[in-house]
Amino acid sequence: VQLVESGGGLVQPGGSLRLSCAASGFTFSSYVMSWYRQAPGKERELVATITSAGGTTNYADSIKGRFTISRDDAKNTVYLQMNSLKPEDTAVYYCNARRLLYHYWGQGTQVTVSS
């Protein structure tokens, strides 16, 4: 099983980034996919979730209206489009796959929002 995140980097406040998470080794379409983030000195927090078949999305209040989660089951990939980025969005962003008792994590990708 592998989850490989990409797309992080340094961006100025107000800018945009698109994170990708490429999955392999499991039946991607059957899993709920989520993005979490962890800032220095803080606990990991749930950012966004999308159900299998992409029927339902949920977002943390702190990013609602700015971030969009989506998935492409044909490519086994989940995305996080991040717009209007703020310095407080700085964190390591992790991809998560969940189904029943199974949880898989990626290695994370750093997002830094700074001028």
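Residues numbered from 1 in each chain as written. Predicted model: local features only at pLDDT ≥ 70, side-chain atom pairs only at ≥ 80, totals over all residues. Heavy atoms only, no water.

### Some words on the pattern of salt bridges
Part 1 of the reasoning: What the rule picks out here adds up to five salt bridges.
Part 2 of the reasoning: With a closest N to O distance of 2.9 Å, Asp89 and Arg37 form a salt bridge. Taken together, the positions of Asp89 in the loop between strand 8 (77-82) and strand 9 (91-99) and Arg37 in strand 4 (residues 32-38) put the pair 52 residues apart, joining distant regions of the chain. Note on accessibility: Asp89 and Arg37 belong to one class, buried.
Part 3 of the reasoning: We note a salt bridge from Arg66 to Asp89, for which the minimum N-O separation is 2.7 Å. (Salt bridge = Lys/Arg side-chain N within 4 Å of Asp/Glu carboxyl O. Helix = DSSP H or I, 4+ residues; strand = E, 2+ residues; numbered from the N terminus. Buried < 20%, exposed > 50% of the residue type's maximum accessible area, 1.4 Å probe, protein only.)

### Focus: the pairing of strand 9
Part 1 of the reasoning: With seven of its nine residues buried, strand 9 lies for the most part within the structure.
Part 2 of the reasoning: Where strand 4 meets strand 9, seven bridges bridge the pair, whose relative direction is antiparallel. Directly across from Tyr36, in strand 9, lies its bridge partner Tyr94.
Part 3 of the reasoning: Across three bridges, strand 9 lies against strand 11 (residues 109-113) in antiparallel orientation. What sits directly across from Tyr93, in strand 11, is Thr109.
Part 4 of the reasoning: Inspection of the sheet shows strand 9 paired to strand 10 (residues 102-105) by four bridges, in the antiparallel sense. (Pairing = 2+ DSSP bridges.)

### Some remarks on the sheet that holds strand 1 (residues 2-6)
Part 1 of the reasoning: Within the open sheet, the four strands sit side by side as 1-3-8-7. Their pairing is antiparallel. The two strands at the open ends of the sheet, each matched to only one other strand, are strand 1 and strand 7 (67-72). The mean inter-strand angle of the sheet, taken between neighbouring strand axes irrespective of direction, is 15°.
Part 2 of the reasoning: Pairing between strand 7 and strand 8: six bridges, direction antiparallel. From the neighbouring strand, Phe67 faces strand 8, where its bridge partner is Met82. (Axes fitted to C-alpha atoms, helices over the stretch in contact; angles between N-to-C directions.)

### Section: the nonpolar core
Part 1 of the reasoning: Formed by 28 residues in total, the largest nonpolar core has its most connected members in Met33, Trp35, Val78, Leu80, Met82 and Tyr93.
Part 2 of the reasoning: Every element with two or more residues in this core is listed here: strand 3 (17-24), strand 4, strand 5 (45-50), strand 7, strand 8, strand 9 and strand 11.
Part 3 of the reasoning: Dropping the residues within four chain positions of it, Tyr93 is found in contact with Glu5, Leu19, Trp35, Tyr36, Arg37, Val47, Phe67, Leu80, Met82, Gly108, Thr109 and Val111. (Core = buried A, V, L, I, M, F, W, Y, C linked by side-chain atoms within 4.5 Å. Contact = heavy atoms within 4.5 Å.)

### Let's talk about the pairing of strand 3
Part 1 of the reasoning: As paired strands, strand 1 and strand 3 are joined by five bridges and run antiparallel to one another. Bridge pairing in strand 3 links Ser6 to Ser20.
Part 2 of the reasoning: Where strand 3 lies against strand 8, six bridges are found, and the strand directions are antiparallel. The residue of strand 8 that forms the bridge with Ser20 is Tyr79.

### What to know about the environment of Arg18
Part 1 of the reasoning: Tracing the backbone through its elements, the reader meets Arg18 in strand 3.
Part 2 of the reasoning: Taking the C-alpha atoms as reference points, Arg18 and Tyr93, 75 residues apart in sequence, are found 11 Å from one another.
Part 3 of the reasoning: The residues contacting Arg18, other than those within four sequence positions of it, are Ser6, Gly7, Tyr79, Leu80 and Gln81.

Honestly, that's just the spatial picture; any functional story needs more than this.
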